[in-house]
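# Results of the structural survey
Listed below are the residues making up each chain.
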Amino acid sequence: METKQFHFQLAPTSCQTMVRQLFAKYELDCANAGITYTLDMAKSEDEEMLLTVDTDRIEQVYANIIYNAIKFSAKGGFIHVHVDIKGDPRQLVIRVTDTGVGISEEDLPHIFERFYKVSKSRSTSGGSGLGLAIAKEIVQYHGGQIWAESRLGKGCSISFSLPVHRI
Ligand code: ADP
């Protein structure tokens, strides 16, 4: 599944609206997994800025990150979504932090590669190892970046950025 074969339907959308809708869609999944799921949107005078994105594709990116966060967290864990608009040129940055098993220093540089899966023993719920590679292609198509910060046993943060523009 190469990005080139995806059909992207770009449309202008408000940062606020997109983030709130994305967040709300996964509240039930987190609750069912016994995970506390919270959102904080940093206050900014840029709040009314727009993104020109394919919202279904961005949801695919967000869903993959959230489902991994759920999959690698234990009941009683936390998933925190932090949203900010920053930088020059302005970017929307969505950071999803979990309190799950984390990723080792050795594996961290590879998690966005196709078919990469961290130690087979951990991958009980049978992912394809493709989710984050596809997420990276989608984010890059939109002119953004995706990256991870983690330490084994210390949870994981996956962030992605998307360019924003004025109304
Ligand atoms: P899959 O589709 O198999 O879930 P991904 O491409 O989404 O694969 O992720 C690649 C690997 O990165 C996963 O197999 C997992 O080992 C690791 N990973 C991704 N997100 C997390 C996370 N939140 N916590 C711990 N490990 C993670």
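Our subject is the structure that appears above.
The sections below set out a description of the structure shown in this document. (Residues numbered from 1 in each chain as written. Predicted model: local features only at pLDDT ≥ 70, side-chain atom pairs only at ≥ 80, totals over all residues. Heavy atoms only, no water.)

### Points about the overall build of the protein chain
Secondary structure summary: the protein chain contains four helices and seven strands in total. Going from N to C terminus, the protein chain has its helices and strands arranged as β-α-α-β-β-α-β-β-α-β-β. Burial status across the protein chain gives 48% buried among its 167 residues. Within the protein chain, counting contacts between residues at least 6 apart in sequence, those at least 24 apart form 69% of the total. For the protein chain, the exposed area adds up to about 9100 Å²; of that, 53% sits on carbon and sulfur atoms. (Helix = DSSP H or I, 4+ residues; strand = E, 2+ residues; numbered from the N terminus. Buried < 20%, exposed > 50% of the residue type's maximum accessible area, 1.4 Å probe, protein only. Contact = heavy atoms within 4.5 Å. Areas by Shrake-Rupley, 256 points an atom, 1.4 Å probe, with all protein chains shown as cover.)

### Notes on the packing of helix 1 (residues 15-25) against helix 3 (residues 55-71)
At a closest axis distance of 11 Å, the pairing of helix 1 and helix 3 adopts a crossing angle of 50 degrees. The angle between helix 1 and helix 3 places the two elements in the oblique class. Note on packing geometry: the crossing formed by helix 1 with helix 3 is right-handed. Counted together, Met18, Leu22, Phe23 and Lys25 of helix 1 and Thr55, Ile58, Glu59 and Tyr62 of helix 3 form the full contact between these two elements. (Axes fitted to C-alpha atoms, helices over the stretch in contact; angles between N-to-C directions. Parallel < 35°, antiparallel > 145°, perpendicular 65-115°, else oblique. Left-handed = near helix turned anticlockwise from the far one by under 90°.)

### Topic: the side chain of threonine 13
The topology assignment puts threonine 13 in strand 1 (residues 11-14). Threonine 13 has contacts with Met18, Met49, Leu50, Leu51, Val53 and Thr55, leaving out every residue within four places of it along the chain.

### What to know about helix 4 (residues 131-141)
Regarding helix 4, the residues found buried are Leu132, Ala133, Ile134, Ala135, Glu137, Ile138 and Val139. Residues of helix 4 that are buried sit in contact with helix 3, strand 6 (146-150) and strand 7 (156-163). Looking one or two places after helix 4, you find glycine 143, whose phi comes out positive at around 85 degrees.

### Some thoughts on the packing of aromatic side chains
For the structure on display, the rule yields four aromatic pairs. Judged by centre distance (3.7 Å) and plane angle (5 degrees), the rings of phenylalanine 8 and tyrosine 141 are stacked. Of this pair, phenylalanine 8 sits in the segment before strand 1 while tyrosine 141 is found in helix 4, placing the two residues 133 residues apart along the sequence. On the basis of relative accessibility, which here comes to 11%, the residue phenylalanine 8 falls in the buried class. Judged by centre distance (5.7 Å) and plane angle (55 degrees), the rings of tyrosine 26 and tyrosine 62 are tilted. Taken together, the positions of tyrosine 26 in the loop between helix 1 and helix 2 (27-32) and tyrosine 62 in helix 3 put the pair 36 residues apart, joining distant regions of the chain. Accessibility assignment for this pair places tyrosine 26 and tyrosine 62 in one class, buried. Sitting over the face of the ring of phenylalanine 8, arginine 57 holds its NZ or CZ atom 5.9 Å from the ring centroid. (Phe/Tyr/Trp six-rings, centres within 6.5 Å; stacked < 30°, edge-to-face > 60°. Lys NZ or Arg CZ within 6 Å of the ring centre and 35° of its normal.)

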